[in-house]
Amino acid sequence: MKLVIGIVRPDRANDVLEALYRAEVRGFSISRVQGHGGELDRVETYRGTTVKMGLADKVRFEIAVSDPFVQPTIDALCDGARTGEVGDGKIFVLPLERVIRIRTGETDHGAVTPVGG
Amino acid sequence: MTPFAAAPLSAGDTAWMLAATALVLMMTPALGLFYAGLVRAKNTLNTFMMCIAAIAVAAVTWAAVGYSLAFDGTGDLIGGLGNAFLHGVTFAPREGTAIPELLFMAFQATFCIITVALISGAVVERMRFGPFLLFAALWSVCVYAVLAHWAFGGGWLLEGGTLDFAGGVPVEMGSGFSALAAALVVGARKDYGRQALLPHNAVYVLLGAGLLWFGWFGFNGGSGFSAGHSGVLAFTNTLLTPACTLVVWFLLDLLRGRQVTAIGAATAIIVGCVAITPAGGYVSPGWAMALGALAAVPSYAVILWRPRTHVDETLDVLAAHGVAGMTGILFIGFVAQQSWNEVSDGLFYGHAGQLGWQALAALAAPAYAFCATFLLLRLIAAVTPLRGTERQEALGMDVVHHGEEAYASGEGAILVAPEAGVEAEVAVAQP
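Given the structure is predicted, the values throughout are model-derived calculations rather than measurements. (Residues numbered from 1 in each chain as written. Chains lettered and ligands numbered in written order. Predicted model: local features only at pLDDT ≥ 70, side-chain atom pairs only at ≥ 80, totals over all residues.)

Examining the overall build of chain A
Assigned secondary structure in chain A consists of 3 helices and 6 strands. Starting at the N terminus and ending at the C terminus, chain A contains elements arranged as β-α-β-β-β-β-α-β-α. Computed over C-alpha atoms, the radius of gyration of chain A comes to 17 Å, more than 25% over the 13 Å expected from 2.2 N^0.38 for 117 residues, which places it beyond the range of a compact globule. When the backbone C-alpha atoms are referred to their principal axes, chain A occupies close to 60 × 25 × 25 Å. Partitioning the contacts of chain A with sequence separation of at least 6, the portion at a separation of at least 24 is 72%. (Helix = DSSP H or I, 4+ residues; strand = E, 2+ residues; numbered from the N terminus. Rg over C-alpha atoms; globule rule 2.2 N^0.38 Å. Contact = placed C-beta atoms within 7 Å.)

Okay, structure coming up:
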């Protein structure tokens, strides 16, 4: 089991969702985050104040999957999020020690496999 | 429009028209708020700025040539240039009114301004800001001034007998059918029909609609150019008609989805105000209420139908303004009452010819607005692209065109020292 974390552009989040759905990856959570990943800073001006915006808005996907789903998940994130320009984001894959489904108490593989319906 | 004999200035009329002019000007920022709430957060400022830009551009073109082309002389199709650059526009009363022509010009300017702003609703979230400014300037002269001349300034519709109290022809049908043409030329947003593109702040939408309604009392109530009967009638009808539209809209919402929606209510306010715009000073309060109820139906139908098409007429200017304006214009032909308006009867009161002139206006104004806008935008597109790249559209118009965000957090923002002089060299990057 792995925890796949994908940080993507907000305007690509819908494409990632679509790609994940097509890859039959059905369990995940997303959050809005701000970050900096080496891209050039955007300059904004508010009256006399000019600032470099050091942080860019991103959407962070957290997806816990069983081993056979790791590669399809990574592919889906890349397919959905890639524009080819600096700022497309990153994917981190982490080992996952335990997973428990709160409703049933199922653990591990049973818990990362979403139930239908 | 109300045929008084040449009269001296009236202090009462002038006082009311000063207030009415300010009310109508406020409608444009109110429209900005209404539109800004309907778009996604990343396009908030650009959408609002298109309305502010309409004030900037249209006020200047109006003073330069627009007013003259609309209101100088009685040419069939267009006025003259005798009042260009406000030549001869002074404190003397405008013919047919008891208010200074200077004030008459200012009042009419606010109409031109909001009409230009209305069209932006068809192209928000994608059209570049520069070409929009150019479009606003050309449209205010080539389309608005012409339609205003037809309906208000002594052109063929007015002379023939078309009744248009406060701008069903130039403002409502003019903007609505121009919006359709603009949406076709500029094209749909890149995610249109593929993703849900939702309003980002329904409270802005309701607040904007409320302020528009407030301003509309000046718009319709001022279009009699006096504190007399027609102004009072139009003012009161501006209260009654949208209220009836709201009630019917609620019912339609309930029938369709079992819930009354807030953005639907905001839309209903606009539809009601638009419908009574041409009819305000010509129909009885009872008929005005019937008009409000009736006008909800076609606009509601178009709002349901339009998103199923490929036409990304983004904020439904056609449904809310074009269609509702047409409903109002035609309605006058049936129920105008001389006992209320001192001008003419409609079909129900024995004058069928009135309906003919109303129908002619309902054909001619949309046709001219659509064709002229289509050509105008094609012309601009030949000189400069109307929209940016897909990446810019994804980024949002606020950052791309204005270098600002509506909801900037300031976290991670680094001050650029003004004396360093390096800010020009920092590339505007993709976040």
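A closer look at the overall build of chain B
Helix and strand counts for chain B come out as 15 helices and 1 strand. Principal-axis analysis of the C-alpha atoms gives chain B an extent of 70 × 55 × 40 Å. Out of the 431 residues belonging to chain B, those deemed buried represent 53%. In chain B, 76% of the contacts between residues at least 6 apart in sequence involve partners at least 24 apart. (Buried ≥ 20, exposed ≤ 12 C-beta atoms within 10 Å, placed from the backbone.)

Points about the interface of chain A and chain B
Counting residues at the interface gives 24 residues for chain A, matched by 21 residues for chain B. Those elements that place two or more of their residues in the side of chain A that touches chain B are strand E3 (42–46), strand E4 (49–53) and strand E5 (56–65) of chain A. With 5 residues, the top contributor of residues to the side of chain A that touches chain B is E3 of chain A. Direction of pairing for E4 of chain A relative to strand E1 (residues 413–415) of chain B: antiparallel, over a ladder of 3 bridges. Note that in E1 of chain B the partner of lysine 52 of chain A across the bridge is isoleucine 414 of chain B. (Pairing = 2+ DSSP bridges.)

Section: helix H3 (residues 101–119) of chain B
Across its 19 residues, H3 of chain B extends 28 Å between first and last C-alpha, which sits within 8% of the 27 Å expected from 1.5 Å per residue. Judged by how many residues are buried, H3 of chain B sits mostly within the fold: 18 of 19 residues are covered. (Expected span 1.5 Å × (residues − 1).)

Focus: the confidence of the model for chain B
Averaged over every residue, the pLDDT of chain B is 94; the share at 70 or more is 95%. Under a pLDDT of 50 for its full length, residues 1–5 of chain B has, in the predicted model, 11 contacts with residues more than four places off or in other chains. (pLDDT = per-residue confidence, 0-100.)

Points about the environment of arginine 82 of chain A
Residue position: arginine 82 of chain A is located in the loop between helix H2 (70–81) and strand E6 (89–95). Sequence separation between arginine 82 of chain A and phenylalanine 28 of chain A is 54 residues, and the spatial gap between their C-alpha atoms is 19 Å.

Description of the sheet that holds E4 of chain A
Spatially, the 3 strands line up as an open sheet ordered E3(A)-E4(A)-E1(B), and their pairing is antiparallel. Each edge of the sheet is formed by a strand with only one pairing partner; in this case those strands are E3 of chain A together with E1 of chain B. Shown here is a sheet whose adjacent strand axes are inclined to one another by a mean of 35°, direction ignored. (Axes fitted to C-alpha atoms, helices over the stretch in contact; angles between N-to-C directions.)

Re the nonpolar core
Ranked by size, the top nonpolar core spans 138 residues in total, and within it Ala54, Val116 and Leu147 of chain B carry the most contacts. Considering each element in turn, this core owes the most residues, 15 residues, to helix H2 (residues 44–71) of chain B. Counting residues in hydrophobic clusters, the runner-up holds 16 residues, among them Val16, Val59, Phe61 and Val112 of chain A. (Core = buried A, V, L, I, M, F, W, Y, C linked by C-beta atoms within 7 Å.)

Topic: the environment of aspartate 72 of chain B
Residues and elements named next belong to chain B. Mapping aspartate 72 onto the fold places it in the loop between H2 and H3. A count of 22 C-beta atoms within 10 Å places aspartate 72 in the buried class. Sequence separation between aspartate 72 and glycine 82 is 10 residues; the distance between their C-alpha atoms is 6.3 Å. Those residues in contact with aspartate 72 that lie beyond four places of it in its chain are Gly79, Gly80, Leu81, Gly82 and Asn83.

A word on the pairing of E5 of chain A
In this sheet, E5 of chain A lies alongside strand E1 (residues 2–8) of chain A in antiparallel orientation, the contact comprising 7 bridges. Its bridge partner lying in E5 of chain A, glycine 6 of chain A is registered against phenylalanine 61 of chain A.

Side note on the sheet that holds strand E2 (residues 29–35) of chain A
Residue and element names in this part refer to chain A. With respect to topology, 4 strands assemble into an open sheet ordered E2-E5-E1-E6, the strand pairing being antiparallel. Each edge of the open sheet carries a strand with a single partner, namely E2 and E6. With direction set aside, neighbouring strand axes in the sheet form an average angle of 20°. Where E2 lies against E5, 7 bridges are found, and the strand directions are antiparallel. Pairing of isoleucine 30 across the sheet is with phenylalanine 61, part of E5. In the packing of helix H1 (residues 13–22) onto the sheet, contacts are made with E1, E2 and E5, and the angle to E1 comes to roughly 150°. Running over the sheet, H2 touches E1, E5 and E6 and is turned about 5° from E1.

Overview of helix H11 (residues 317–335) of chain B
With 19 residues, H11 of chain B should reach 27 Å at 1.5 Å per residue; the first-to-last C-alpha distance of 26 Å fits that figure. The element H11 of chain B is extensively covered by neighbouring structure, given that 17 of its 19 residues are classed as buried.

Observations regarding unusual backbone geometry
The phi torsion of most residues other than glycine is negative, and most of the peptide bonds are trans. Residue and element names in this part refer to chain A. Located in the positive-phi region is glutamate 24, a residue other than glycine, with phi close to 60°. Note on placement: glutamate 24 falls in the loop between H1 and E2. Even without glycine at this site, aspartate 108 takes up a positive phi of about 50°. With respect to the element layout, aspartate 108 can be found in helix H3 (residues 108–112).

Notes on the environment of alanine 11 of chain B
Considering the arrangement of structural elements, one finds alanine 11 of chain B in helix H1 (residues 11–38). Spatially, the C-alpha atoms of alanine 11 of chain B and serine 226 of chain B are 9.9 Å apart, while their sequence positions differ by 215 residues.

Focus on the packing of helix H6 (residues 168–186) of chain B against helix H9 (residues 262–279) of chain B
Residue and element names in this part refer to chain B. For the pair H6 and H9, interaxial distance at closest approach is 9 Å and the crossing angle is 150°. By the criterion of interaxial angle, the relationship of H6 to H9 is roughly antiparallel. Here H6 runs over H9; the crossing is left-handed. Contacts between H6 and H9 pair Gly168, Val171 and Glu172 from the former with Val274, Thr277 and Pro278 from the latter. (Parallel < 35°, antiparallel > 145°, perpendicular 65-115°, else oblique. Left-handed = near helix turned anticlockwise from the far one by under 90°.)

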